[in-house]
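Results of the structural survey
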Amino acid sequence: MPELRFEVRWPDDTITLCYSPSSTIRDAFTPGQPYPLADFVRRSQAALNLASERVRQRYGYACSSAAHQLSEIERRASQYQTDPAATVTVIRFT
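An account of the accompanying structure is given in this report. Every chain begins its residue count from 1, and numbering advances along the sequence as written. Local features are withheld for residues below a pLDDT of 70 in this predicted model, meaning they are given only at 70 or higher, and side-chain atom pairs are given and counted only at 80 or more; totals for whole chains, interfaces and linings count all residues. Derived side-chain values reflect all non-hydrogen atoms in the structure, with water molecules and hydrogen atoms excluded from consideration.

Next up on the list: the packing of aromatic side chains. Side-chain rings of Phe, Tyr and Trp (the six-membered ring for Trp) are treated as a pair once their centres are within 6.5 Å; stacked means planes under 30 degrees apart, edge-to-face means over 60, and tilted covers the remaining angles. Scanning the model with the defined rule gives five aromatic pairs in all. Between the aromatic rings of tryptophan 10 and phenylalanine 40, the centroid separation amounts to 5.6 Å while the plane-to-plane angle is 85°, which identifies the pairing as edge-to-face. Of this pair, tryptophan 10 sits in the loop between β1 (4–9) and β2 (15–20) while phenylalanine 40 sits in helix α2 (residues 37–59), placing them 30 residues apart in sequence. Each member of the pair, tryptophan 10 as well as phenylalanine 40, is classed as buried. One aromatic cluster in this structure is built from Trp10, Phe29, Tyr35, Phe40 and Tyr80. Comment: elements are numbered from the N terminus, with helices defined as DSSP H or I runs of at least four residues and strands as E runs of at least two. Only protein chains enter the calculation, and the probe is 1.4 Å; a residue is then buried if its accessible area is under 20% of its type maximum, exposed if over 50%, and partly exposed in between.

Taking 1.5 Å of rise per residue, 15 residues should cover 21 Å, and helix α3 (residues 64–78) covers 21 Å from first to last C-alpha, within 8% of that figure. If you check which residues of α3 are buried, you get Ala66, Gln69, Leu70, Ile73, Arg76 and Ala77. Buried residues of α3, seen end-on, are gathered within an arc of 130° and therefore sit on one face of the element. Of the exposed residues in α3, those oriented more than 90 degrees away from the buried face are Ser64 and His68. In this description, contact between two residues means that some pair of their heavy atoms is separated by no more than 4.5 Å. In this structure, the buried residues of α3 make contact with β1, β2 and α2. Under the convention used throughout, the expected extent of a helix is 1.5 Å for every residue step, that is, one less than its residue count. To be clear, the arc concerns the directions from the helix axis to the C-beta atoms.

What follows deals with the packing of α2 against α3. The description of two helices packed together rests on the angle between their axes and the distance between the axes. An axis is simply a line fitted to the C-alpha atoms; with a helix, the fit covers only the stretch in contact. Between two such axes, the angle follows the N-to-C directions and lies from 0 to 180 degrees. The contact between α2 and α3 brings their axes to 9 Å, and the two run at 170°. Relative to α3, the element α2 is oriented roughly antiparallel. Listed contacts from α3 to Leu37, Phe40, Val41, Ser44, Gln45, Leu48, Asn49 and Ser52 of α2 are Ala66, Gln69, Leu70, Ile73, Glu74 and Ala77. Each residue gets one of three labels, nonpolar for Ala, Val, Leu, Ile, Met, Phe, Trp, Tyr, Cys and Pro, charged for Asp, Glu, Lys and Arg, and polar for the others, Gly among them. Its residues placed into classes, the contact of α2 with α3 shows eight nonpolar, five polar and one charged. When an angle is under 35 degrees it counts as roughly parallel; over 145 it counts as roughly antiparallel; between 65 and 115 it counts as roughly perpendicular; any other value is oblique.

Scope: geometric values only; no functional claims are made or implied.
Structure, rendered in structure tokens:
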């Protein structure tokens, strides 16, 4: 299963490197396109849950790294929930 990392620019212009155990994240985002905060979180949830399920199907257990990454995304996103104009951009896949 191809691991994938993706750089994310948050509303405060900080950049974090995120992890996915599968390339499913490529289907969720277009590099350089800003996403409204809630949409970014929903897309991340769908892609990382799907990636974790693919790991479960292949190895018999869910991917704890995908769950941890999703938790970090949700935690970070919660910091910007009061800003209705907040957007998040996936800069690139690595």
